[in-house]
Amino acid sequence: MPDRTPYIAANWKMNKTVAEAAEFVDALLPRIAATQCDVVLCPSFIALNEVVERRRGTAVRVAAQNMHEAESGAFTGEISAAMLVELDVEAVVLGHSERRQYFGETDEALARKVPAALAAGLEPILCVGESAEARAGGETETVLERQLQADLAGVEPADLAGVVIAYEPIWAIGTGATATPEQAQDACAFIRDVVGMRGAAADRIRILYGGSVKAANAAELLSKPDVDGALVGGAALDPEEFAGIVEAAG
Ligand code: 13P
């Protein structure tokens, strides 16, 4: 069994002002001082700098929630990889289902964004996941495979281990309807097989589960062999609750 460091990420979505983000970091750091996990905070763009500065000297890492694939140009309202790197941001969430659903993020755009992030030295956290209808229709694996093949098409096999993949079934996001540990395991194992078929060092790639993770259910989900961590939304807004999830990861 390869050693994959557990990876616990807090996706704050459109929550927390700069002042609230600062307060969270100050409350979180003493609670997770002993963790061996990779802990990643994903604040809004405007709170990135504050979070980066407050966590300096700790192992906590910082990710943006989106980026544009171009180096620069006439893309009003967008943020480039270089702008994130300049702030010492280390990672970026790409392809979250909310961006796919509400902001028209396409697999074609993701096929450009993932390699652009890697080229800039940012760790992509690529989100994939099926809808309730797809699961009910037995299409879960078809959807996951299609998203992975499309979104990772521009990544060299040797670079795939540098991508973190988050399995986030849409029906489990913000609903309280957490996937069962078995459902999470099956999907994460399938994702590992798909990236393995692309020639990746599949036993090195980290695959997270996301969707109504909380401190009370984290240990069971994370006990599954192919679930290497969690991408947490609502429960990551409270430092005590998020610290409980980090603790559950070991
Ligand atoms: P919840 O944890 O609120 O279900 O959100 C999951 C998510 O979308 C993380 O990216």
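The structure under discussion appears in the preceding block.
Below, the structure is looked at part by part. (Residues numbered from 1 in each chain as written. Predicted model: local features only at pLDDT ≥ 70, side-chain atom pairs only at ≥ 80, totals over all residues. Heavy atoms only, no water.)

A closer look at the site of the ligand
Phase 1: Among the 13 residues in the neighbourhood of the ligand, the closest are listed as K13, H96, G174, S212 and G234.
Phase 2: Within the side chain of H96, one N or O atom sits 2.8 Å away from an oxygen atom of the ligand.
Phase 3: Each residue belonging to the shell around the ligand can be placed in one class, and the counts come to four nonpolar, seven polar and two charged. (Near = heavy atom within 4 Å. Polar contact = N/O pair within 3.5 Å; in protein donor to acceptor, adjacent residues only side chain to side chain. Nonpolar A, V, L, I, M, F, W, Y, C, P; charged D, E, K, R; others polar.)

Observations concerning the pattern of salt bridges
In a structure, side chains of opposite charge can pair up when their charged atoms sit close to one another.
Phase 1: Applying the stated criterion across every chain yields a total of 18 salt bridges.
Phase 2: Two residues, R54 and E50, come together in a salt bridge whose shortest N-O distance is 2.7 Å. Here E50 and R54 lie together in helix α2 (residues 48–54), a separation of four residues that amounts to about one turn.
Phase 3: Taken together, the shared-partner salt bridges in this structure form one network comprising R4, R192, D226 and D228. (Salt bridge = Lys/Arg side-chain N within 4 Å of Asp/Glu carboxyl O. Helix = DSSP H or I, 4+ residues; strand = E, 2+ residues; numbered from the N terminus.)

What to know about the pairing of strand β7 (residues 207–210)
Phase 1: Here β7 shows no split at all, with I207 and Y209 on one side and L208 and G210 on the other all buried.
Phase 2: Bridge count for strand β6 (residues 164–167) against β7 is three bridges, and the pairing is parallel. Within β7, the residue paired with I165 across the bridge is I207.
Phase 3: Of the crossover connections in this fold, the one passing from β6 over helix α8 (residues 181–197) to the parallel β7 is right-handed.
Phase 4: As defined by bridge partners, β7 adjoins strand β8 (residues 229–232) across three bridges and the pair is classed as parallel. Bridge pairing in β8 places L208 opposite G229.
Phase 5: Viewed along the sheet, the connection from β7 through helix α9 (residues 215–222) into β8 turns out right-handed. (Buried < 20%, exposed > 50% of the residue type's maximum accessible area, 1.4 Å probe, protein only. Pairing = 2+ DSSP bridges. Right-handed = clockwise from strand over helix to strand, strands pointing away.)

Here's the deal with the sheet that holds β7
Phase 1: The eight strands lie next to each other as β1-β2-β3-β4-β5-β6-β7-β8, forming a closed barrel whose pairing is parallel. Averaged over all neighbouring strand pairs, the angle between strand axes comes to 25 degrees, with direction disregarded.
Phase 2: Note: strand β5 (residues 123–128) against β6, four bridges, orientation parallel. Across the sheet, residue L126 finds its bridge partner in β6, namely I165. (Axes fitted to C-alpha atoms, helices over the stretch in contact; angles between N-to-C directions.)

A closer look at the nonpolar core
Phase 1: In terms of nonpolar packing, the biggest core is built from 69 residues, with L41, M67, L152, I165, Y209 and F242 touching the most fellow members.
Phase 2: Looking at which element gives the most residues to this core, the answer is α8, with seven residues.
Phase 3: For F242, the contacting residues outside a window of four places in its chain are I8, A9, A10, F24, L28, V39, V40, L41, V232, A235 and A236. (Core = buried A, V, L, I, M, F, W, Y, C linked by side-chain atoms within 4.5 Å. Contact = heavy atoms within 4.5 Å.)

Any link to function would need more than the numbers given here.
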